[in-house]
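Descriptive analysis of the structure
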Amino acid sequence: MSGDPYLEVTDLSVRFPTSDGLVQAVNGLTYSVELGKTLGIVGESGSGKSVSSMAVLGLHDPKAARIEGSIKVGGTEVVGLAEDKMRSLRGNSVAMIFQDALAALHPFYKIGAQLGEAYQVHHPKASKKEARKRSIEMLERVGIPQPDRRVDDYPHQFSGGMRQRAMIAMGLINDPSLLIADEPTTALDVTVQAQILDLLQDLQREFNSAIVIITHDLGVVAEMADDVLVMYGGRCVEYGACKEILTHPEMPYTWGLLSSVPDVTGDPNARMIPIPGNPPSLLDPPPGCAFHPRCVHSSKVPGDLCATTLPELTVGARQGHLKRCHLVDSETIYATEVLPEVAPDLAIHLAEENR
Amino acid sequence: MFSFLVKRLLSGAMIVVLVSMMVFLLFFYGPKSPALELCRRDTHGRCGETSPRLEQYEERLGYNNPVYSEYGKWAKGLVQDRTIYIGSTGYKCEAPCLGLSYRDRTLVTDQLKERFPITLSLAVGASLLYLMIGVPIGVLAARRRGSFADKALVSSTLVFSSIPYYLVALLSMLLLTLSTHVFPTVAYHPFLDNPFKWFSGFLLVWLVMGLYGATAYTRYSRGSMVEVLNEDYVRTAKAKGLKDRVVVIRHALRSALVPVVTIFGLDVAFLLSGTVFTEQIFDLDGIGKWGLEATYIKDLPVVQATALVLAVAVVMANIIVDIVYSVLDPRVRLS
């Protein structure tokens with residue numbers, strides 16, 4: 001790792017007071033991303049992935065959300081930052097692209113108008129003409145054919161993939177140093193997904209920006225991320241280098257995520273194993289480890305530690321790899337119990353390697 | 001666009017024709033003869049179902065002729081001058097002729113020309129206030145959704161609009177013009193004669209109608225705005241770094257107005273066809289009061305004229321609403 005992190009999140013908590021009680025959407029989250037690097041945040045719906053990223057842009061209603069901890073963007077503390085200063089960051093040095101581009105682009109305005117608006121708000125001296133020129137440039141850059149004509153189209157006249165490209169063009173129009181992509185490929189066909197991910201990688205190389213990619217798709221993470229952060233019930237449960245997490249996961253929830261990915265090229269006898277149970281309630285989280293009611297390995301932990309004590313996020317069996325789990329010999333359990341079930345060929349391969 | 005207009009105007013004309021036919025049918029085959037009504041009035045009640053006088057009245061008003069020939073005469077009068085005979089007296093009626101009022105034998109067309117500006121003035125002023133008061137308050141409440149101000153606004157509009165309109169109108173006239181002179185006396189002065197007098201004469205009526213009607217618009221626009229503020233594209237607009245005001249007005253309000261426009265179009269149409277309570281209470285001789293009085297005495301030509309005004313207004317309002325839709329939302333194609 002080199003250089004200072006561009007985005008530094010420390011002990012971030014986001015809570016929403018509601019009439020039913022306090023919803024603890026994000027709890028004690030810590031991570032950092034450097035320029036030119038990509039962090040993948042993985043987790044199921046309601047695990048706090050999007051909520052934590054919206055906090056980076058200050059998009060939560062200050063009256064509805066209680067945000068604690070620290071978020072530093074390029075050295076600037078964002079938590080508690082005045083609204084007008086926050087606004088000059090948004091869409092400028094930090095940009096966000098959203099999941100469903102059809103819903104996220106305004107249906108009543110032309111693509112060019114929406115891109116131009118994003119440019120002009122941070123370049124108040126730029127004329128309409130310059131903004132339009134810049135929009136066409138960006139559309140061309142993200143691979144929209146005939147950008148000088150398509151700039152006058154409405155979002156509904158674009159295909160799904162083109163809309164997401166336009167969305168990316170809008171996010172990158174002010175050369176942001178940090179790009180947060182919230183499930184950028186979820187609403188797209190698989191072939192288009194791959195194109196969009198390639199595009200994001202190309203652009204990252206070109207602009208050297210830091211990317212946070214939020215997804216529930218481990219395939220996307222494997223393709224894009226340098227680091228991976230797995231979230232469960234508003235907390236980080238495993239955090240480390242992408243290769244490390246995907247090959248030597250130590251937390252049963254991550255095992256569950258890996259086991260539930262269908263593998264078309266792998267062993268046809270491999271099983272796809274869903275994670276039993278439901279995500280935890282954020283209003284009334286279970287005591288101890290939030291995952292223990294769904295965890296099939298909690299019986300291997302002595303006593304009822306899993307049900308009473310929240311495990312700390314600590315360095316696991318391997319360096320540079322943080323896990324939040326009471327299991328001591330998680331590496332062995334993964335290699336002997338989990339892997340043979342989901343990927344028998346890989347398990348044999350790993351066993352030989354270890355011998 | 002052009003073919004849309006032609007199509008819609010043609011189908012609109014059909015509707016207007018059908019409405020006028022229905023009115024004729026109602027009068028000819030309705031439960032009570034219009035002639036009887038008029039005969040009773042003229043003779044102070046000494047006219048019954050069997051009295052020979054009724055015969056004369058029916059003959060005179062044309063109810064002895066088949067309905068299609070009477071309708072034909074009436075319809076022809078719209079494009080051609082005609083002379084209407086009542087007994088031996090002939091009344092010249094220039095095209096577009098809408099007939100002769102049974103009550104005082106005045107020309108309906110002339111009456112309409114005299115009364116319509118009053119109703120038009122009321123409608124324009126009131127509907128502008130609906131939007132100018134209702135929409136901004138609704139937007140304000142939506143932005144502060146759940147706050148004390150929001151709850152206070154919503155509940156006060158509910159309380160205000162649950163008081164019967166005639167009570168509000170009557171009390172404000174009594175308290176604000178008759179007993180205290182806070183507002184200038186309500187009266188109609190033609191706009192072209194003296195715009196200032198026209199304005200001051202309508203001021204109170206507009207405020208009463210506008211404030212009362214605006215309560216509904218506050219609720220429509222609040223509901224619609226609350227929905228739109230939760231849309232993804234509003235979040236996108238915020239994420240671009242746009243100012244709150246720009247997000248709300250340029251990105252949210254334009255979408256939130258779409259459902260409001262529909263209701264507004266119909267409301268204007270009904271305002272144009274007369275505001276019965278308002279005209280009655282403030283003693284303004286508009287379409288509404290005229291139509292109401294005509295219905296009492298079964299004054300066919302007048303009822304026909306007011307029905308036509310309503311039909312034309314509703315048809316036009318619908319066409320205009322569709323055009324406004326297509327301007328607001330580019331996904332809507334006029335075809």
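Keep in mind that what you see is a predicted model, and the values were worked out from it rather than measured.

Quick look at the overall build of chain B
- A count of helical and extended segments in chain B gives 13 helices and two strands.
- Taken along its principal axes, the extent of the C-alpha atoms in chain B is 80 × 55 × 40 Å.
- Within chain B, buried positions represent 45% of all 335 residues.
- Relative to all contacts within chain B whose residues are 6 or more apart in sequence, the contacts with residues 24 or more apart total 65%.
- Counting every atom, chain B has about 17400 Å² of accessible surface; 66% of that belongs to carbon and sulfur.

Notes on the interface of chain A and chain B
- Facing the 24 residues of chain A at the interface are 21 residues of chain B.
- Our count for the contact surface shared by chain A and chain B stands at two salt bridges.
- In this structure, Arg-250 of chain B and Glu-117 of chain A form a salt bridge, with 2.4 Å as the shortest nitrogen-oxygen distance.
- Across the chain A-chain B interface, the total number found is 11 residue pairs in polar contact (both at pLDDT 80 or more).
- Taken together, the elements giving at least two residues each to the side of chain A that touches chain B come down to helix 3 (101–104), helix 4 (111–122) and helix 7 (160–172) of chain A.
- Element by element, the count of residues in the side of chain A that touches chain B is highest for helix 4 of chain A, at five residues.
- Taken together, the residues of the side of chain A that touches chain B break down into 15 nonpolar, six polar and three charged.

Considering the sheet that holds strand 5 (residues 76–77) of chain A
Residue and element names in this part refer to chain A.
- One open sheet holds the four strands; their spatial order is 2-1-4-5, and the pairing between them is antiparallel. Each having just a single partner strand, strand 2 (21–33) and strand 5 make up the two edges of the open sheet.
- Pairing analysis gives two bridges linking strand 4 (residues 66–73) to strand 5, with the strands arranged antiparallel. By the bridge assignment for strand 5, Lys-72 is matched with Glu-77.

Digging into the packing of aromatic side chains
- For the structure on display, the rule yields 21 aromatic pairs over all chains.
- Ring centres 5.0 Å apart and planes at 80° place the aromatic pair Tyr-232 of chain A and Phe-291 of chain A in the edge-to-face group. One end of the pair, Tyr-232 of chain A, is in strand 9 (residues 227–232); the other, Phe-291 of chain A, is in the loop between helix 11 (252–259) and helix 12 (305–308), with 59 residues separating them in the sequence. Each member of the pair, Tyr-232 of chain A as well as Phe-291 of chain A, is classed as buried.
- Aromatic pair Phe-24 of chain B and Trp-74 of chain B: ring centres 5.8 Å apart, planes at 55°, arrangement tilted. Of this pair, Phe-24 of chain B sits in helix 1 (residues 2–29) while Trp-74 of chain B sits in helix 4 (residues 67–77), and the two are 50 residues apart along the sequence. As far as burial versus exposure is concerned, Phe-24 of chain B and Trp-74 of chain B are alike and both buried.
- These aromatic residues form a ring-pair network of at least three members: Tyr-188, Phe-191, Trp-198, Phe-199, Phe-202 and Trp-206 of chain B.

Description of the state of the cysteines
- On inspection of all chains with the given rule, the structure shows two disulfides over all chains.
- Paired by a disulfide, Cys-93 of chain B and Cys-97 of chain B hold their sulfur atoms 2.1 Å apart. Because the sign of the S-S torsion sets the handedness, a value of about 110° for the bond joining Cys-93 of chain B and Cys-97 of chain B places this disulfide among the right-handed ones.
- Cysteines bonded in chain B are numbered consecutively along the chain; their disulfide partners then correspond to 1-2, 3-4.
- You can see Cys-306 of chain A has no disulfide; the closest cysteine sulfur is in Cys-289 of chain A, sitting 6.1 Å from it.
- According to the relative accessible area criterion, Cys-306 of chain A is buried, its value standing at 12%.

Concerning the domain arrangement of chain B
Residues and elements named next belong to chain B.
- Looking at chain B, the domain boundaries give domain 1 (2–108) and domain 2 (109–328).
- Using C-alpha coordinates to define each centre, domain 1 is positioned 33 Å away from domain 2.
- Taken residue by residue, the interface counts 30 residues in domain 1 and 26 residues in domain 2.
- Among the residues domain 1 hides against domain 2, the three largest losses belong to Arg-8, Phe-27 and Val-108. Together they make up 23% of the total.
- The tally of links between domain 1 and domain 2 comes to two salt bridges.
- For Arg-8, the salt bridge identified is with Asp-322, shortest N-O distance 2.3 Å.
- For the pair domain 1 and domain 2, the number of links is 13 residue pairs in polar contact (both at pLDDT 80 or more).
- Those elements giving two or more residues to the side of domain 1 that touches domain 2 turn out to be helix 1 and helix 2 (34–42).
- At 12 residues, helix 1 tops the list of elements feeding residues into the side of domain 1 that touches domain 2.
- Classifying every residue of the side of domain 1 that touches domain 2 gives 19 nonpolar, five polar and six charged.

Points about the side chain of Glu-117 of chain A
- Examined against the element boundaries, Glu-117 of chain A turns out to sit in helix 4.
- Beyond its immediate sequence surroundings of up to four residues, Glu-117 of chain A is in contact with Lys-240, Leu-242, Val-246, Arg-250 and His-251 of chain B.

Cut-offs and rules
Residue numbers run consecutively from 1 along every chain, following the written order of its sequence. Each chain takes a letter, starting from A, and each ligand takes a number, starting from 1, following the order in which they are written. The predicted nature of this model means local features are confined to residues of pLDDT at least 70 and side-chain atom pairs, given and counted, to a pLDDT of 80 or more, with totals for whole chains, interfaces and linings taken over all residues. To get the side-chain values, take all heavy atoms of the structure and skip hydrogens and water. Starting at the N terminus, helices and strands are each numbered in turn, a helix being any DSSP run of H or I of at least four residues and a strand any DSSP run of E of at least two. Here's how the labels work: a residue is buried when its accessible area is under 20% of the maximum for its type, exposed when over 50%, partly exposed in between, all with a 1.4 Å probe on protein chains only. Contacts: residue pairs with any heavy atoms within 4.5 Å of one another. For accessible areas, the Shrake-Rupley method is used with a probe of radius 1.4 Å. Any residue's cover is judged against the shown protein chains and nothing else. For this analysis, a salt bridge means a side-chain nitrogen from Lys or Arg found within 4 Å of a carboxyl oxygen belonging to Asp or Glu. Each polar contact in these results corresponds to two N or O atoms within 3.5 Å; when the atoms are within protein, one needs to be able to donate a hydrogen and the other to accept it, and residues that are neighboring in sequence are counted only if both atoms are side-chain atoms. Note on residue classes: Ala, Val, Leu, Ile, Met, Phe, Trp, Tyr, Cys and Pro are nonpolar, Asp, Glu, Lys and Arg are charged, and everything else, Gly too, is polar. At least two bridges found by DSSP between two strands is the condition for calling them paired. The pairing test for Phe, Tyr and Trp rings, Trp by its six-membered ring, is centres within 6.5 Å, and the orientation test on the planes gives stacked under 30 degrees, edge-to-face over 60, and tilted for anything in between. When the sulfur atoms of two cysteines come within 2.5 Å, that pair is taken as a disulfide. Domain limits in this description derive from either an automatic procedure or a database domain assignment. Throughout, buried area stands for the accessible area (probe radius 1.4 Å) lost by two parts on being put together, summed over both.

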